[in-house]
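The primary structure of each chain is shown beneath.
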Amino acid sequence: MTQDELKKAVGWAALEYVKPGTVVGVGTGSTASHFIDALGTMKDKIEGAVSSSEASTEKLKSLGIPVFDCNEVDSLDIYVDGADEINAQMQMIKGGGAALTREKIIAAVAKKFICIIDASKQVDVLGKFPLPVEVIPMARSYVARELVKLGGTPVYRQNVITDNGNVILDVHNLAILNPIELENKINAIAGVVTVGLFANRGANVVLVGTSDGVKTITE
């Protein structure tokens, strides 16, 4: 199977976690896009969705799925999204698509986080994929200097403005042995909106697309 076929398989497999009559949290990226396609087949059975990006919102609306503002819902039953890397503890790096802040908010609101990936995203130690950090523009240089002190090599993501109007620093050369500690340290830097480490709030279920079919990992 191609990588896209593996992504499609997990996107559709996530449908079994969608309960009728609920509002579904929806992520961003190529794997989440397959889930949105699948969700469109049961749009009449759900109330709607909360989306983590403008791109996902557009796709949801194009399929006739109502999109709610996150402030309009008290909680979400599930949040379905991909990851750039994930370890055995179900902690992740996300933000390759620059939607990390909204993704983290929706993950916090959701009772259950269903992470959908292909097997290439599984790693022993996080950090080979550059760690995205969303930053208030005026703080970019300061935050970069602080990230260097933590052992990383930050690179400004050129020509990218997040849906929140901020910039992204991608931090290279990290071996993240204690993801929760690093998440807390980076989030404490003045000017950081959030870091793309999902360690304090990891996944509850991971659906992995493999050549042998979809494998399920639970807590």
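From a predicted model like this one, the values you see are computed outputs, not experimental measurements.

Here is what the cut-offs are and how they apply
Residues numbered from 1 in each chain as written. Predicted model: local features only at pLDDT ≥ 70, side-chain atom pairs only at ≥ 80, totals over all residues. Heavy atoms only, no water. 1 Å grid on protein atoms, 1.4 Å probe; cavity = no way out; pocket = protein on both sides within 12 Å on 5 of 7 lines; lining within 4 Å. Points joined across faces, edges and corners; volume = space filled by probe spheres on them. Nonpolar A, V, L, I, M, F, W, Y, C, P; charged D, E, K, R; others polar. UniProt positions renumbered as here; feature names shortened; annotations may be inferred. Helix = DSSP H or I, 4+ residues; strand = E, 2+ residues; numbered from the N terminus. Buried < 20%, exposed > 50% of the residue type's maximum accessible area, 1.4 Å probe, protein only. Contact = heavy atoms within 4.5 Å. Phe/Tyr/Trp six-rings, centres within 6.5 Å; stacked < 30°, edge-to-face > 60°. Lys NZ or Arg CZ within 6 Å of the ring centre and 35° of its normal. Polar contact = N/O pair within 3.5 Å; in protein donor to acceptor, adjacent residues only side chain to side chain. Pairing = 2+ DSSP bridges. Axes fitted to C-alpha atoms, helices over the stretch in contact; angles between N-to-C directions. Core = buried A, V, L, I, M, F, W, Y, C linked by side-chain atoms within 4.5 Å.

Chemist: Honestly, empty space enclosed by the protein in this entry has me stumped. Any pointers?
Modeler: Any empty space left between atoms is shown by rolling a water-sized probe over those atoms. Evaluated as defined, the whole model comprises one cavity of 30 Å³ or more. Considered as a void within the structure, the largest cavity measures approximately 30 Å³ in volume. For the largest cavity, the full set of lining residues is S52, A98, A99, L100, T101, R102, E134, T162, D163 and N164. When grouped by side-chain class, the residues that make up the lining of the largest cavity number three nonpolar, four polar and three charged.

Chemist: Help me out: how do you make sense of the UniProt feature "active site" (unreviewed entry) in the protein chain in this one?
Modeler: In the numbering used here, UniProt assigns the "active site" (unreviewed entry) feature to E103. Assignment of secondary structure puts E103 in helix α4 (residues 100–109). Its relative accessible area of 4% is what places E103 among the buried residues. When sequence neighbours within four positions are dropped, the list of residues in contact with E103 reads T28, S52, Y79, D81, K94, G95 and F198.

Chemist: Explain the packing of aromatic side chains here, please?
Modeler: Here the distance between the centres and the angle between the planes together describe a pair of aromatic rings. Within this structure, the stated rule accounts for one aromatic pair. In this arrangement the basic side chain of K94 is found over the ring face of F198, its NZ or CZ atom lying 5.5 Å from the centre. For the cation-ring pair, K104 lies above F198, with the distance from its terminal atom to the ring centre recorded as 5.1 Å.

Chemist: How should I be thinking about the side chain of T28 in this particular structure?
Modeler: Assignment of secondary structure puts T28 in the loop between β1 (23–26) and α2 (30–39). By relative accessible area, T28 is classed as buried at 18%. A distance of 3.0 Å separates the side chain of T28 from the side chain of S53, its partner in a polar contact. Other than its neighbours up to four places away in sequence, T28 contacts S52, S53, S56, D81, A99 and E103.

Chemist: Before we go on, may I ask you to explain the sheet that holds strand β7 (residues 110–118) in this structure?
Modeler: Through backbone hydrogen bonds, the strands of a sheet pair up, either in parallel or in antiparallel fashion. Overall, mixed pairing links the seven strands, which are arranged β3-β2-β1-β4-β7-β13-β14 in an open sheet. Lying at the two open borders of the sheet, with one neighbouring strand each, are β3 (67–68) and β14 (213–218). In terms of strand pairing, strand β4 (residues 76–81) meets β7 through five bridges, oriented parallel. The residue bridging L76 from the neighbouring strand is A110, located in β7. The sheet contacts of α2 involve β1, β4 and β7, and relative to β1 the element is tilted by about 155°.

Chemist: Would you mind showing me how to read unusual backbone geometry here?
Modeler: The residue A98 is not glycine, and still its phi comes out positive at about 70°. Here the phi dihedral of N173 falls at roughly 65°; this positive angle occurs in a residue that is not glycine. Following the sequence through the fold, N173 ends up in the loop between β10 (167–172) and α6 (179–187). A residue is classified by how much of its surface remains accessible, and N173, at 61% relative accessible area, is exposed.

Chemist: Looking at this structure, I do not really get the nonpolar core. What am I missing?
Modeler: Most often, soluble globular proteins have nonpolar side chains that are buried together. Judged by nonpolar contacts, the single largest core of 23 residues is most densely connected at V18, F35, L39 and L207. Elements represented by at least two residues in this core include exactly α1 (3–13), β1, α2, β4, β7 and β13 (205–210). Considering every element that reaches this core, the biggest residue donor is α2, with four residues. Sequence-distant contacts of F35, that is, excluding residues within four places in its chain, are made with G11, A14, L15, V18, V24, V26, V80 and I116. Counting 20 residues, the second-largest nonpolar core is a separate cluster that includes A139, I176, L182 and I186.

Chemist: Even after reading the chapter, I still don't get the sheet that holds strand β6 (residues 92–93), so can you show me in this structure?
Modeler: The three strands lie next to each other as β5-β6-β12, forming an open sheet whose pairing is antiparallel. Since the sheet does not close on itself, it has two edges, and those belong to β5 (85–86) and β12 (197–198), each with one partner. Of the strand pairs in this sheet, β5 and β6 are connected by two bridges, and their pairing is antiparallel. Residue E85 lies in a different strand from β6, and its bridge partner there is I93.

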